[in-house]
Amino acid sequence: MTSRRIAGKGRFIDSSSKVAFTFDGRRLTGHPGDTLASAVLGAGQVIMGRSFKYHRPRGPVAAGPEEPNALVELGQGNRFEPNQRATTTALFDGLYATSQNRWPSLEYDIGGINAKLARLLPAGFYYKTFMYPREFWKDIYEPFIRKAAGLGKAPTEKDPDTYEHVHYHTDITILGGGVAGLQAALTAASGGARVLLLEQSPHWGGRVMADGGEIDGKPAADWVAATITALEEMDNVTMRLNCMGAGVYDHGYLLGYERLRDDTPSLPGPRHRLWRIRSTRVITATGAIERPLSFAGNDIPGVMLASAVRDYLELYGVAVGRKVVVVTNNDDGYRTAIALKAAYVDVPCVIDARPLGGGPLMREAEAMGIPVERGRAIGKVKGGQYVEGVAICSHDGSGGVFEREIECDAVAMSGGWSPVVHLWSHCGGKLTWDAEQALFRPDAKRPPTGADGEGFVLPAGAADGELLLGDVLGNAHDAGREAAKAVGKTAKVRRRPVAVSVAQAPILPVWMMPARAGYELRSKAWLDYQNDVKVSDVALAAQEGYQSVEHTKRYTTLGMATDQGKLSNINGLAVLSDALGQEIPVTGTTTFRPPYTPISMGAIAGEARGKVFQPVRRTPMHDWHDTHGADWEPVGQWRRPYAYVRRGETVHDAVTREVKNVRQGVGILDASTLGKILVKGPDAGKFLDMMYTNMMSTLAPGKCRYGLMCSENGFLMDDGVVARIDEDTWLCHTTTGGADHIHAHMEEWLQTEWWDWKVWTANLTEQYAQIAVVGPRARTVLEALGGMRLHPQALPFMSWTDGQLAGFDVRVFRISFSGELSFEIAVKAGHGPALWEKILEAGAECGIQPYGTEALHVLRAEKGYIMIGDETDGTVIPQDLGLNWAISKKKDDFIGKRAQERVHMADPDRWKLVGLLAYDDAVLRDGAYAVAEGRNANGQRNVQGRVTSTYYSPTLGRGIAMGLVHDGPNRMGEVLDFPGTDGKLYRAQIVDPVFYDKSGGRLHG
Amino acid sequence: MLTFRCPVCGVDAEETELSPGGEAHLKRYGPGSSDEDFSGYLFQRENPRGVHFERWRHAYGCGKWFHAARCTQTLEVFGTYPAQTTEPPQEILDTITKKRPGWTWRELGAK
Amino acid sequence: MAETREYKGIALIRAEPPCGMITLRGGPDAAKGLATAGKRLGVKMPGPLGAELKDDRGLLWMSPDEVLMLCPAEDVPDHLDALRGALKGHHAMAVDTSDMRVRFSVSGAHAREVLAKLCPLDLAPDRFGPGHVRRTRLGQVAAAIWMRGDGAFEVICFRSVGQYVLDLLQVAAAPGSEVHLFSQPVG
């Protein structure tokens, strides 16, 4: 209970009113404007979570998105969400948060026993431990690892919130609304370019809001306010707070992640919005992140980044301790000492690793009475659940002897700053090591490049490695001008703003404190708080032969999980470089991948959930089916009735009834999903002869022909009936799934190979409803509608005619996929439902019934008709299916012909189509394999065929199947064994695939 | 996510509006061709790190196929041109030579 | 599509009644015959990505060799006869596609951003306005978008996905989902 509120501080909060929230079951209060972290600290609690591996108690170390420790589970029930950073969670009335990785409580955690075993859990522990014996992998090791892995708990209920995307095009996008982003926006927009400015936090201004400074003679915060006003008045500027630049991708594509309702869940509207941005230029004004220092005990709650200590104080009015020791290797740390002292918080001393200390800021601190320990280091932090003091020693030593202990309850550490280069790097921007400032900065000569080959990302301000206010603004102004120029505009703002920068003494890079610390201290100095990776772990990895920083990351888990090493990466690779005896730039960084911080799954899905998760295609008669018992089957994106189930029936009963009704009376099928492609032109016949294996150019107008389409590699792709409409027009029917891709296939050949052929195509699939009337009484029903002569002489099998039925203009095709007398009637889609009902009325006397896709399948299988997707799978050629009769021998060429001449295609050993009659009333399993003698190299039974279609045939009263069998057509009568997955052996006899009406008499009825 | 300017309708289309069609300028071999020619046509594809010629279709737009010359490494687009040609236009070849001196692709480029 | 014909959220979404549509395909050699379409409607032939509209009729540019003719449904047979006559002897196609697509309108101050949520076009007023038509992707399906003289957007998509598109537009126009883009003219 050491952190507390400081009256009169807190730029972002409204201390005059209160907000009630719950943390780990305790009811606490904060203020509007607080983050969850500042509110919990303000309520006197520093511990907010436990670490992942050792379950060590942890408090926040940062105040922003880089936070690795203070991860909480937010909300309850259907709004439960794990792994949320307390430092970026805006406080609201009723917020409910629970700390993670602890049981039963934060203060007393049983898993903390792992910490006692730390010596036994070094880097690569899992890899080393869970190797042998191999038999343990699946049943013992994997369950153990799965139980141990993962941060937080997964939500179990359906998310009640909505999410959306928005597409936005702009000339220039600026990521980051600190002073660099604001200045870049002001300059860039002054020439008239479209500018989008995104800031991840709820506040403009970035670091100056806590650190102050003076710009153009004004306090920095006033300059920020004035700049915001100026930008808001510009029509060409769009600005968003709470919207993070999440990723930079190819060709100027960016993702922005906007959080709209996280702190106002009761308001209507989307919770998060994903901005899908196309931007000609991108300016990354993403600032910099302070680095921790590695000293023993640097993970004890109360040890924080110096900048975070300032943020909590200045922005939220929270002092993180009563006695705060500052430890630093650069001048910036003194800002924290000065700010604390000015707020009457005791600063026992500043420990500066530099033998000569710092510059003007140090002198200012000293003048305030703060002692400075030059050339000193923290040897270790004393304490367990909170900081009790620090032991100091010479920085340039091994830490074997501590000089003295200083009592304190918090430590503010500054290890220098790392520019946020993530967004620069996402799309390939390269970095350069700035040894003077000890940081990686964007290499302007190697930017990410866009479609035109030019660099499209410009870094600005601290993100470009500029750490002094004046330099930040000047650099940002230049980036704004350059971006404006790149989009063809001239910035009208010409003057760089003037800011007074305080001179700074050089930084002393410190990667371990004290510099020559032994194993004992290194094994207690944390690099990665979230994953419990210590300096000793990285050193061990190097000792074991890891040289690549990427491999070391995976081996040690350094920089993994939700924070992706925002605090740990540079320190980690410096330690690795040291262990390998090489320079830091030789080691390099791990790859920066989007998103910058985790974004919600909801934002990624956007609107695509619930009823608009995926398009569902409906036929014109969809609503009728829906109200008449349709058991829906997805066929691609279409929904087709599988069967129409009546009260008291099972689906199987319905299918059986529907099949019998077609065979014995008449049925009606919605065939609207079949593709209908009009092909017209002087070269249409020649073209279709290339598309189909059959000869289509010789088809007479008024006639129909069943056609096969192969891909260029010879495999059967689609089938359907082609009707010749007139001299230069054909109508090609495709399968349901084929309509779009067959149309695309035709256009591809026409546009890219035979572009001089005179052919137009039109995909008319959805212009027509198509209704099949099928069965021995089909003609009776249609003639009852009146309007057309449909007797066999007027409309013989495989012909079509235009006319009227029940007053509707129709085209009737006499074709059959069932073996019965059958008419397919095309009518304008808008008339489909009316004609459908008319046919049902007219057919009532004949007992007409609708039938679904399963009855259609059974009917076709009884006749041995193939189905694309059942008998074909992309490896089957028409010859395999006994369809040689449909392959023209007169044509020199068609798509797939050359491929079918290849040796393997002509091989007599290919599996070929046969019928299969199962013994003992069984219905074979779909896809079941027929086994052969012997075993293959993997010890599996050899196979000699497989089932491609299998049904119970109501007509035959037994199971029938089709299958592809080695040399099948020459093995009629042989019996094959099909071992079932149920342990039983199924046996079936090879027979002719035509099970019913072999003579075809019914068809021609 | 890539963008290409459709040379047919002039629209800057993004990848979600396009469908890819593999390598450009394949010569079709039909019946009567040798096994070698045919397998070259059907199966052998360039997979360069650098200059590449591809086919794309403006599927969610004008529906037309077009060709694109781009760098597979940097994703730079050297140009797009209509599909009704058996080889890239000279202008595109010149652009590539200027930007990638010494480039080769199948029989194109530096000798 | 029966349940909802009109929806008011941050924009007004309406399922518009069917109209006549004729797909015309032809190359430069059939230009004269194709021009009949414009003459019959009293509009110009649209240039690339253009929409030539007059009240409830007009011509939409679909591709270099395809134009979509919009007209009252009852006029379709006459137009078709006339076009087929004019195109006789030319390599061209004129076909009734009135039933193939459904049509919606999106109007109101936030109409642009409702569409921007669903399609990847640049819908800034100076980039897309009356006289333009774009075929694009709306959510997960193909669609075409143009603007009427009154500032409303018209959207067409294939008939089978009409309900999906109507639902999609309603989701995008849900209350409280204003993006406040495009509300100001862009200079």
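Residues numbered from 1 in each chain as written. Chains lettered and ligands numbered in written order. Predicted model: local features only at pLDDT ≥ 70, side-chain atom pairs only at ≥ 80, totals over all residues. Heavy atoms only, no water.

*Asks:* It is not clear to me how the overall build of chain C should be interpreted in this structure. Could you clarify?
*Replies:* When its secondary structure is counted, chain C shows four helices and 11 strands. Based on the C-alpha atoms only, the size of chain C along its principal axes is roughly 55 × 40 × 25 Å. Every one of the 187 residues in chain C was classed for burial, and the buried ones make up 60%. At a minimum sequence separation of 6, the contacts of chain C that also span at least 24 residues come to 61%. On chain C, roughly 7000 Å² of surface is accessible, and the fraction owed to carbon and sulfur atoms is 53%. Counting 22 positive and 22 negative side-chain charges, chain C places the averaged centre of each group 4 Å from the other. (Helix = DSSP H or I, 4+ residues; strand = E, 2+ residues; numbered from the N terminus. Buried < 20%, exposed > 50% of the residue type's maximum accessible area, 1.4 Å probe, protein only. Contact = heavy atoms within 4.5 Å. Areas by Shrake-Rupley, 256 points an atom, 1.4 Å probe, with all protein chains shown as cover. Lys, Arg positive; Asp, Glu negative; His and termini not counted. Charge placed at Lys NZ, Arg CZ, Asp CG, Glu CD.)

*Asks:* I keep staring at the domain arrangement of chain C and nothing clicks. Help me out?
*Replies:* A common measure of how large an interface is: the accessible area buried when the components associate. Residue and element names in this part refer to chain C. Here chain C is partitioned into domain 1 (6-16 + 100-172) and domain 2 (20-99). The straight-line distance from the C-alpha centre of domain 1 to that of domain 2 is 23 Å. In this assembly, 12 residues from domain 1 lie in contact with 15 residues from domain 2. For the domain 1 and domain 2 pair, buried surface summed over both sides reaches about 1200 Å², with 61% attributable to carbon and sulfur atoms. Per-residue buried area on domain 1 facing domain 2 is highest for R101, V133 and R135; these three make up 46% of the total on that side. Our count for the contact surface shared by domain 1 and domain 2 stands at zero salt bridges. Along the contact surface separating domain 1 from domain 2 lie five residue pairs in polar contact (both at pLDDT 80 or more). (Domains from an automatic or database assignment. Buried area = accessible area lost by both parts, 1.4 Å probe. Salt bridge = Lys/Arg side-chain N within 4 Å of Asp/Glu carboxyl O. Polar contact = N/O pair within 3.5 Å; in protein donor to acceptor, adjacent residues only side chain to side chain.)

*Asks:* Can you walk me through the sheet that holds strand β2 (residues 12-16) of chain C in this structure?
*Replies:* Backbone hydrogen bonds hold the strands of a sheet together, and the pairing may be parallel or antiparallel. All names here are of chain C. Taking strand neighbours across the sheet as the criterion, the six strands line up as β1-β2-β8-β11-β10-β9 in an open arrangement whose pairing is antiparallel. Of all strands in the sheet, those bounded by a partner on one side alone are β1 (6-8) and β9 (133-138). Geometrically, the sheet is characterised by an average inter-axis angle of 25° between neighbouring strands, direction not taken into account. Across five bridges, the pairing between strand β10 (residues 141-147) and strand β11 (residues 153-158) is antiparallel. Looking at β11, one finds that A144 is bridged to I156. Seen against the sheet, helix α4 (residues 162-172) touches β1, β2, β8 (101-107), β9, β10 and β11 and runs at an angle of roughly 10° to β8. (Pairing = 2+ DSSP bridges. Axes fitted to C-alpha atoms, helices over the stretch in contact; angles between N-to-C directions.)

*Asks:* How should I be thinking about the interface of chain B and chain A in this particular structure?
*Replies:* In this complex, chain B contributes 31 residues to the contact, which on the side of chain A involves 32 residues. Together, M1(B), R28(B) and P31(B) form the three largest contributors to the area buried by chain B at its contact with chain A, with a combined 27%. Applying the counting criterion to the chain B and chain A interface returns five salt bridges. A salt bridge links R898(A) to D35(B); the nearest nitrogen and oxygen atoms lie 2.7 Å apart.

*Asks:* I tried to follow unusual backbone geometry on my own but got confused; where do I start?
*Replies:* Most peptide bonds are trans, and most residues other than glycine sit at a negative phi. The step from M513(A) to P514(A) runs through a cis peptide bond, and the omega angle for that step is -5°. With respect to the helices, strands and loops of the structure, P514(A) is situated in the loop between α12 (469-486) and α13 (519-522). In this chain, P594(A) is followed by P595(A) through a cis amide linkage whose omega measures -5°. Mapped onto the elements of the fold, P595(A) is located in the loop between α17 (584-587) and α18 (601-605). In this model, D55(C) sits at a positive phi of 55°, which is unusual for a non-glycine residue.

*Asks:* Is there a simple way to think about the sheet that holds strand β38 (residues 716-726) of chain A in this case?
*Replies:* Residue and element names in this part refer to chain A. Taken in spatial order, the five strands line up as β37-β38-β39-β36-β40 in an open sheet, and their pairing is antiparallel. A single partner strand is all that each edge strand has here, and the edge strands are β37 (704-710) and β40 (760-763). Across this sheet, the average inter-strand angle for adjacent strands is 25°, counted without regard to direction. Bridge count between strand β36 (residues 675-680) and β40: four bridges; the pairing is antiparallel. Bridge pairing in β40 links I677 to N763. Across the sheet, helix α22 (residues 739-752) is in contact with β36, β37, β38, β39 (729-734) and β40; its angle to β40 comes to roughly 165°.

*Asks:* Explain the interface of chain A and chain C to me, please; I cannot follow it from the model alone.
*Replies:* Opposite the 49 residues of chain A that make contact, chain C presents 49 residues. On the surface where chain A and chain C come into contact, there are five salt bridges. With its nearest N and O atoms 2.6 Å apart, the salt bridge here joins R194(A) to D122(C). Linking chain A with chain C are 29 residue pairs in polar contact (both at pLDDT 80 or more), by the criterion used here. Of all the secondary structure elements, the ones that give two or more residues to the side of chain A that touches chain C are β9 (163-175), β13 (237-240), β16 (272-284), β36 and β40 of chain A. When the residues that make up the side of chain A that touches chain C are grouped by side-chain class, the tally is 19 nonpolar, 13 polar and 17 charged. (Nonpolar A, V, L, I, M, F, W, Y, C, P; charged D, E, K, R; others polar.)

*Asks:* Would you explain the pattern of salt bridges in this entry?
*Replies:* Think of it this way: side chains of opposite charge can pair up when their charged atoms draw near. Applying the stated criterion across every chain yields a total of 76 salt bridges over all chains. Between D331(A) and R354(A) there is a salt bridge, and its shortest N-O distance comes to 2.7 Å. Taken together, the residues D331(A) in the loop between β20 (324-328) and α9 (333-342) and R354(A) in the loop between β21 (350-352) and α10 (360-367) connect sequence positions 23 residues apart. Comparing D331(A) with R354(A), the two get one shared label, buried. Here E871(A) ties to R860(A) by a salt bridge, and the two come within 3.0 Å at their closest N and O atoms. Of the two residues, E871(A) is situated in the loop between α25 (853-862) and α26 (897-900) and R860(A) in helix α25; the sequence distance between them amounts to 11 residues. Side by side, E871(A) and R860(A) carry an identical accessibility label, which is buried. One continuous salt-bridge network, built from bridges that share partners, spans E6(C), R14(C), E16(C), R103(C), R148(C), D150(C) and E154(C).

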